[in-house]
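# Descriptive structure summary
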Amino acid sequence: MKINVRVIFDKTSLTFEIPVGMGDKTFKWLGMVACNRFGASAPNGSLRRRDPARRGMNDNATHQPTEMALPDGQIPHPNAFLYDFLNDGDEVKIHLVDNQDLSRVDGTPQNTKWTKIAFNHKH
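Since this is a predicted model, take the numbers as computed values, not measurements.

With that settled, consider the pairing of strand S2 (residues 12-19). For a regular strand, side-chain orientation follows a simple rule: the groups alternate between the two sheet faces. Here strand S1 (residues 2-9) runs beside S2; their pairing, made up of eight bridges, is antiparallel. Note on S2: the bridge partner recorded for isoleucine 3 is isoleucine 18.

Here it is as structure tokens:
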């Protein structure tokens, strides 16, 4: 099975065809693969994320998925399997960011609902 992933970052939108095997992978996995494909699509590949002189200044920085939408507009759970929601050739939209906004109160990341579920390790 192959999924068309439309990656949206700022004003840039690129589409990648990503093979997902039988679809037994998660949407979080798909988001991370989309980040890698987007970073590698730039002429010089990905730059070091923590390099303060380069971080977030161009399309070569490392990115994080923050939003994801299925063809019908649903937002999938990050740990849901692809085969439960998608068919071969479906398009998924993934929004990326290259830096994380922090709370002014306690310095914690200000996440979207999707990233709270995907990247929070608390039970």
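Take the sheet that holds S1 next. Taken together, four strands build an open sheet; the order of strands is S2-S1-S4-S3 and the sheet is mixed. Sheet topology places S2 and strand S3 (64-69) at the edges, where each strand pairs with a single neighbour. Geometrically, the sheet is characterised by an average inter-axis angle of 30° between neighbouring strands, direction not taken into account. Pairing geometry for S3 and strand S4 (residues 91-97), over five bridges, is antiparallel. Opposite glutamate 67, over in S4, you have histidine 95 as the bridge partner. Sitting on the sheet, helix H1 (residues 27-40) touches S1, S2, S3 and S4, and the angle it makes with S2 is about 120°.

Side chains Val92, Ile94 and Leu96 of S4 all project onto a buried face; the interleaved residues Glu91, Lys93, His95 and Val97 project onto a face where none is buried. Relative to S4, S1 runs parallel, the two sharing five bridges. Its bridge partner lying in S4, arginine 6 is registered against lysine 93.

Further remarks concern unusual backbone geometry. A positive phi angle, near 55°, is found at aspartate 10, a position not held by glycine. By the secondary structure assignment, aspartate 10 is in the loop between S1 and S2.

Further remarks concern the nonpolar core. Of all hydrophobic cores here, the largest spans 23 residues; its most connected members are Val5, Phe27, Leu30, Val92 and Ile94. Counting residues per element, the ones that place at least two in this core are S1, S2, H1, S4 and helix H2 (113-119). No other element matches the six residues that H1 contributes to this core. Not counting chain neighbours up to four residues away, the residues in contact with phenylalanine 27 comprise Met68, Leu70, Pro76, His77, Pro78, Ala80, Phe81, Leu82, Phe85, Leu86 and Trp114.

Turning next to the confidence of the model for the chain. With 73% of its residues at a pLDDT of at least 70, the chain reaches an overall mean of 80. When mean pLDDT is compared element by element in the chain, S1 scores highest at 94, while H2 scores lowest at 75. Under a pLDDT of 50 for its full length, residues 48-60 has, in the predicted model, 20 contacts with residues more than four places off or in other chains.

What counts and what doesn't
Residues numbered from 1 in each chain as written. Predicted model: local features only at pLDDT ≥ 70, side-chain atom pairs only at ≥ 80, totals over all residues. Heavy atoms only, no water. Pairing = 2+ DSSP bridges. Helix = DSSP H or I, 4+ residues; strand = E, 2+ residues; numbered from the N terminus. Axes fitted to C-alpha atoms, helices over the stretch in contact; angles between N-to-C directions. Contact = heavy atoms within 4.5 Å. Buried < 20%, exposed > 50% of the residue type's maximum accessible area, 1.4 Å probe, protein only. Core = buried A, V, L, I, M, F, W, Y, C linked by side-chain atoms within 4.5 Å. pLDDT = per-residue confidence, 0-100.

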